[in-house]
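# Summary of the model geometry
One-letter residues, chain by chain:
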Amino acid sequence: MSTDITIPQNLLPADGRFGAGPSKVRAEQVQAIVEAADSLLGTSHRQAPVKNLVASVQNGLKEMFNAPEGYEVLLGVGGATAFWDSAAFSLVRNKAQHLSFGEFGSKFAKATDKAPFLAASTIITSEPGSVPVPAAEADVDVYAWPQNETSTGAAAPVKRVAGANDDALMVIDATSGAGGLAVDLAETDVYYFAPQKNFAADGGLWIAFVSPAAIARIEEIAATDRWIPDFLNLKTALDNSLKNQTYNTPALTTLVMLDSQIKWINANGGLAWAAERTAESAAKVQAWAEASDIAAMYVANPEHRSNVISTVDFDDKIDATAIAKALRANGVVDVEPYRKLGRNQLRIATFVAIDPSDVQALLNCIDYVIEQL
Ligand SMILES: *Cc1c(COP(=O)(O)O)cnc(C)c1O
């Protein structure tokens, strides 16, 4: 196998980062860190400079998502994975229903299913690359699924479950979807994410829009005798977030990068602009795969194809691992498929920070590498 392929300079993208997270950070975000160096970095998160930064993040997100009346933005430390445990403790009254169609949806499903203080969860599964459909159940009080299953590139509709109990909560994992896919927050009670995907920041934080019904549920469960670790208690997160703080110390550079990305998206036209830009990039990948006789989109149903993660299967006679290796040697990185999927595949992130023209350049580079292999 040839690993010494040199891709001509004029074919290379301006930025070679196409990973699903951590993902491309824009230079302006790094500059924002430099500008925060004296006034903000290394200062207390209980004082005005950092609290104002948190407020800017919260208000910028409300603007971007056109948050309905009464929705609040909560923040906490630990990323989306920590939020799954928080949700099991602080959002599920008795029983959750999950859609599980890839790695991330399945992990949250396990968290509630194993919780000893909850009834066993209903877990509706489908083959990776497809999307299952939720079904109303009388005893379910939380419905949960990922908007974008980052491990497979399948995206699910975000709509309240027809026939669900009036006070059932819709809890959407938007870790890779938020900021890159359109959404109507009124169809959700909790829309949560981590900042290292479309928001192009570092990981380690979770952010959640919560509806008035979700806030009522958090208060309701906090008043019961359920034992909840303080770190995971969403009541603690709620109280701190309303004061523009987190319960424990956050990474300040992450907040600076996140705030910078929110401002960039809002200045360009907000979520509608972001969703158009990711759609443009994803359409390039799909058109390229359609025209190819050795590549095909992994997600068979076009309606389930994600605009922020494209997964492309290759014909057996082409080794996708060799393509990824040659690209990496030329500074074009992180298009390897999700490790546990085990397919002859490339996974290409088309998050909003990634320029559509760079996506086209990547496709040209893939064509070049295939010719040389
Ligand atoms: C990346 C990702 C996660 C995990 O996020 P962490 O911040 O690493 O915990 C969860 N859900 C989805 C859909 C993701 O893409």
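Residues numbered from 1 in each chain as written. Predicted model: local features only at pLDDT ≥ 70, side-chain atom pairs only at ≥ 80, totals over all residues. Heavy atoms only, no water.

As recorded in an unreviewed UniProt entry, the protein chain goes by Phosphoserine aminotransferase and comes from Glutamicibacter soli. In the Sequence similarities (unreviewed entry) part of its UniProt record, the protein chain is described as follows: "Belongs to the class-V pyridoxal-phosphate-dependent aminotransferase family. SerC subfamily." The heading Function (unreviewed entry) in the UniProt record of the protein chain holds the text "Catalyzes the reversible conversion of 3-phosphohydroxypyruvate to phosphoserine and of 3-hydroxy-2-oxo-4-phosphonooxybutanoate to phosphohydroxythreonine." (UniProt positions renumbered as here; feature names shortened; annotations may be inferred.)

Tracing the backbone shows T350 in the loop between strand 12 (345-349) and helix 10 (356-372). Classification of T350 as buried rests on a relative accessible area of 0%. For T350, the side chain forms a polar contact with the main-chain oxygen of N307, separated by 2.6 Å. With near-sequence residues (within four places) excluded, T350 lies in contact with T278, S281, A282, V285, N307, V308, I309 and V359. (Helix = DSSP H or I, 4+ residues; strand = E, 2+ residues; numbered from the N terminus. Buried < 20%, exposed > 50% of the residue type's maximum accessible area, 1.4 Å probe, protein only. Polar contact = N/O pair within 3.5 Å; in protein donor to acceptor, adjacent residues only side chain to side chain. Contact = heavy atoms within 4.5 Å.)

We now examine the site of the ligand. Lining the immediate environment of the ligand, one finds 13 residues, of which T81, T150, D173, Q196 and K197 sit closest. The backbone of A80 places a nitrogen or oxygen atom 3.3 Å from an oxygen atom of the ligand. Between an oxygen atom of the ligand and a side-chain N or O atom of T81, the distance comes to 2.5 Å. About the coverage of the ligand: the protein hides 87% of its 390 Å² of free accessible area. Here the shell around the ligand takes four residues from helix 3 (residues 79-90), the largest share from any one element. (Near = heavy atom within 4 Å. Areas by Shrake-Rupley, 256 points an atom, 1.4 Å probe, with all protein chains shown as cover.)

Its place among the elements puts S100 in strand 2 (residues 96-100). A relative accessible area of 9% places S100 in the buried class. Along the backbone, S100 and I124 are 24 residues apart, and their C-alpha atoms lie at a distance of 6.0 Å. Ignoring sequence-local partners within four residues, the contact set of S100 consists of G105, S106, I123, I124, T125, S126 and P132.

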